[in-house]
Amino acid sequence: MLSVIIMAAGKGTRMKSNLPKVLHKISGKEMLFYSINEAKKLSNNINVVVYHQKEKVIETMEKYFDDVEFITQDHENFPGTGGAVKCCNPKNEKVFILNGDMPLVTSEELQKFNKIDADIVMSVIKLDNPNGYGRVVIKNDKVTKIIEQKDANEEELKIKFVNAGVYLIKKEILDEFLPKLNNNNSQKEYYLTDIIDLANKAGKTIKAIEVKEEDFKGVNSKFDLANAEIIHQNRIKEKWMRKGVIMHLPQTIFIEDDVEFIGECEIESGCVFKGKSVIKESYIKANTIIEDAEIENSEIGPMARIRPASKIIDSKIGNFVEIKKSTLNDVKAGHLSYLGDAQIESGTNIGAGTITCNYDGINKYKTKIGKNVFIGSDSQLVAPIVIEDDVMIAAGSTITKDVKKGDLAISRTPQKSVKGFFYKFFKKDK
Ligand code: UD1
Ligand code: MG
């Protein structure tokens, strides 16, 4: 049986942010979510070490998980990754230790550590540019110690093997060596990485497993965050393409972790899919944004914006149409409209520039539009309002009263013509 310790107490100074580092998001979810989620596939004893803004970290993670233990680091007396592990009391004989800033690690990769028999299994990455990571000193094929970048001399800085930041350590080794860590280093911190040197000198077995940066990348800055997100996005998009989604220029498409595609969907370039959106058998044209919405058997965009709690079925939505908290079933809304808090039924056509005026500055109101309705261009429907089936609304109307089945509603100032006004005004001859 395994225990897992995830270190998430650090301040994340290099992130230059008021938000705790581990709460920065990639693909719509906090980095720490991904570490915990993968760890849970391996163990039911998950210990997350917190300190900086711990209330915020705990509150955010408790929205996803109810069986994770949060442990507060004694950061005043024992700062550093060694201090973080010191305050935990894992239940099992083998302990996985993960940094909370590694959102790309998967349970499949972690399983490989468990297949190796040693007192300590640690991970190394070979990098041409090892900048930012701890360097791993390997002598005669044996890992002897880890030197943090800030403490490394010129020779050590040239080492291309770096510490990826994941370790599988026997609990007895932690019990023996954690009390022996000191903070005699440039950062005056207790480094977990010093345990390697101590264990090596005591004749313990340390084995290194070589891993890829794309799985074990540590995120310390906003630049790292952006690069980690690119890798994560590529995984998400590859998954959906393999399941049958067509993507044009996938590198320009952004899809959050919880979005789901069903059946054969086609997505043009520049589209953004957020939240728990579900897209079924639909064609999404260029630069469309869909957030927490359900789309089924429809054509959306280009340049449409579908906002939360919208449900669009068998419909055609064109450019510059914004839809919020509305249900459209077999509807056409081709151009330049805002449809909010609306329910629109089968066979209805929404003319260009139609606006549901759903907000009076205090409250939001509903618009109901029945079947086979024709809303003329540039109409305003002032909610709350009900437009019954088989209605026509004349173009340019401001509709403030309900319209009964089969009627035409028109509200315009009558047009008048002033003969020859142009020539008079500009003092020109005909
Ligand atoms: C750490 C490793 C380094 C490795 C790198 C891989 C140490 C001393 N160094 O460096 O060898 O190459 O990860 O990404 O371990 N944390 C705490 N409490 C603290 C300090 C940090 O919980 O007092 C947490 C942080 O929130 C973070 C993780 O530990 O999730 C790693 O801390 P960070 O400061 O990012 O360490 P690195 O400098 O990246
Ligand atoms: Mg780090």
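Residues numbered from 1 in each chain as written. Chains lettered and ligands numbered in written order. Predicted model: local features only at pLDDT ≥ 70, side-chain atom pairs only at ≥ 80, totals over all residues. Heavy atoms only, no water.

This part takes up a negative patch on the surface. Residues Glu-264, Glu-281, Glu-294, Glu-296, Asp-314 and Asp-330 make up a contiguous surface patch of negative charge. Along the chain, Glu-294 turns up in strand β20 (residues 294-296). Judged by relative accessible area, which is 40%, Glu-294 ranks as partly exposed. (Patch = residues over 30% accessible without salt bridge, like charges linked within 9 Å, V, L, I, M, F, W, Y side chains within 5 Å. Areas by Shrake-Rupley, 256 points an atom, 1.4 Å probe, with all protein chains shown as cover. Salt bridge = Lys/Arg side-chain N within 4 Å of Asp/Glu carboxyl O. Lys, Arg positive; Asp, Glu negative; His and termini not counted. Charge placed at Lys NZ, Arg CZ, Asp CG, Glu CD. Helix = DSSP H or I, 4+ residues; strand = E, 2+ residues; numbered from the N terminus. Buried < 20%, exposed > 50% of the residue type's maximum accessible area, 1.4 Å probe, protein only.)

Evaluation of the coordinates by the stated rule reveals 23 salt bridges. Taking the shortest distance from any N to any O, the salt bridge between Lys-170 and Asp-119 comes out at 3.4 Å. Residue Lys-170 is located in strand β10 (residues 161-170), and its partner Asp-119 is located in the loop between α4 (107-114) and β7 (120-126); the two are separated by 51 residues in the primary sequence. The exposure class assigned to Lys-170 is partly exposed, which follows from its relative accessible area of 23%. Of the charged contacts in the structure, one is a salt bridge between Arg-307 and Glu-322, with a shortest N-O distance of 2.5 Å. Residue Arg-307 is located in the loop between β22 (305-306) and β23 (311-313), and its partner Glu-322 is located in strand β24 (residues 316-324); the two are separated by 15 residues in the primary sequence.

Taken as a whole, this structure holds 13 aromatic pairs when the rule is applied. Measuring from centroid to centroid gives 5.1 Å for Phe-78 and Tyr-190, while their planes differ by 65°, and the two rings are edge-to-face. With Phe-78 in the loop between β5 (69-72) and α3 (81-86) and Tyr-190 in the loop between α6 (171-177) and α7 (194-201), the pair connects residues that are 112 residues apart, well separated along the chain. On the basis of relative accessible area, Tyr-190 is assigned to the buried category, the value being 13%. On the basis of an interplanar angle of 55° and a centroid distance of 5.0 Å, the ring pair of Phe-422 and Phe-426 is categorised as tilted. A relative accessible area of 48% places Phe-426 in the partly exposed class. Taken together, Phe-421, Phe-422, Tyr-423, Phe-425 and Phe-426 form an aromatic cluster joined through their ring pairs. (Phe/Tyr/Trp six-rings, centres within 6.5 Å; stacked < 30°, edge-to-face > 60°.)

Ideal geometry at a metal centre gives angles of 109.5 degrees when four donors are arranged tetrahedrally and 90 or 180 degrees when six donors are arranged octahedrally. Bound to the magnesium ion (ligand 2) on the protein side are Asp-101 (OD) and Asn-220 (OD1), at distances that span 2.2 to 2.3 Å. Here Asp-101 is found in the loop between β6 (94-99) and α4, whereas its partner Asn-220 is found in the loop between α8 (213-216) and α9 (222-242), with 119 residues between them in sequence. For the pair Asp-101 and Asn-220, one class covers both residues: buried. (Donors = N, O, S within 2.8 Å, 3.2 Å for Na, K, Ca; no water.)

What follows concerns the pairing of strand β8 (residues 135-139). In terms of strand pairing, β8 meets strand β9 (residues 142-147) through five bridges, oriented antiparallel. The partner of Val-137 across the bridge, within β9, is Lys-145. (Pairing = 2+ DSSP bridges.)

Now for α4. The complete set of buried residues in α4 reads Ser-107, Glu-109, Leu-110 and Phe-113. All buried residues of α4 project into a common sector of 155° when viewed along the axis, lining one side. Along its buried surface, α4 packs onto α1 (31-39), β6, β7, β10, β11 (206-210) and α8. (Arc of directions from axis to C-beta. Contact = heavy atoms within 4.5 Å.)

As for its placement among the helices and strands, Asn-358 is situated in the loop between β29 (355-357) and β30 (367-369). For Asn-358, a relative accessible area of 6% puts it in the buried group. Those residues within four positions of Asn-358 in sequence are excluded, and the remaining contacts are Lys-324, Tyr-338, Gly-340, Asp-341, Asn-363, Lys-364, Tyr-365 and Ala-383.

In the vicinity of ligand 1 there are 24 residues, among which Met-7, Gly-80, Thr-81, Glu-148 and Asn-163 approach most closely. Contact distances for ligand 1 include 2.8 Å between an oxygen atom and a backbone N or O atom of Met-7. Taking His-75, its side chain carries an N or O atom lying 3.1 Å from an oxygen atom of ligand 1. Those elements that place two or more of their residues in the shell around ligand 1 are α3 and β10. Considered class by class, the residues forming the shell around ligand 1 number eight nonpolar, twelve polar and four charged. (Near = heavy atom within 4 Å. Polar contact = N/O pair within 3.5 Å; in protein donor to acceptor, adjacent residues only side chain to side chain. Nonpolar A, V, L, I, M, F, W, Y, C, P; charged D, E, K, R; others polar.)

Here we come to the domain arrangement of the chain. When the domains of the chain are assigned, the result is domain 1 (2-210) and domain 2 (222-409). Taking only C-alpha atoms into account, the centre of domain 1 sits 44 Å from that of domain 2. Contacts between domain 1 and domain 2 engage 15 residues on the former and 14 residues on the latter. The contact between domain 1 and domain 2 buries some 1,100 Å² in all, and 59% of this surface belongs to carbon and sulfur atoms. The tally of links between domain 1 and domain 2 comes to two salt bridges. (Domains from an automatic or database assignment. Buried area = accessible area lost by both parts, 1.4 Å probe.)

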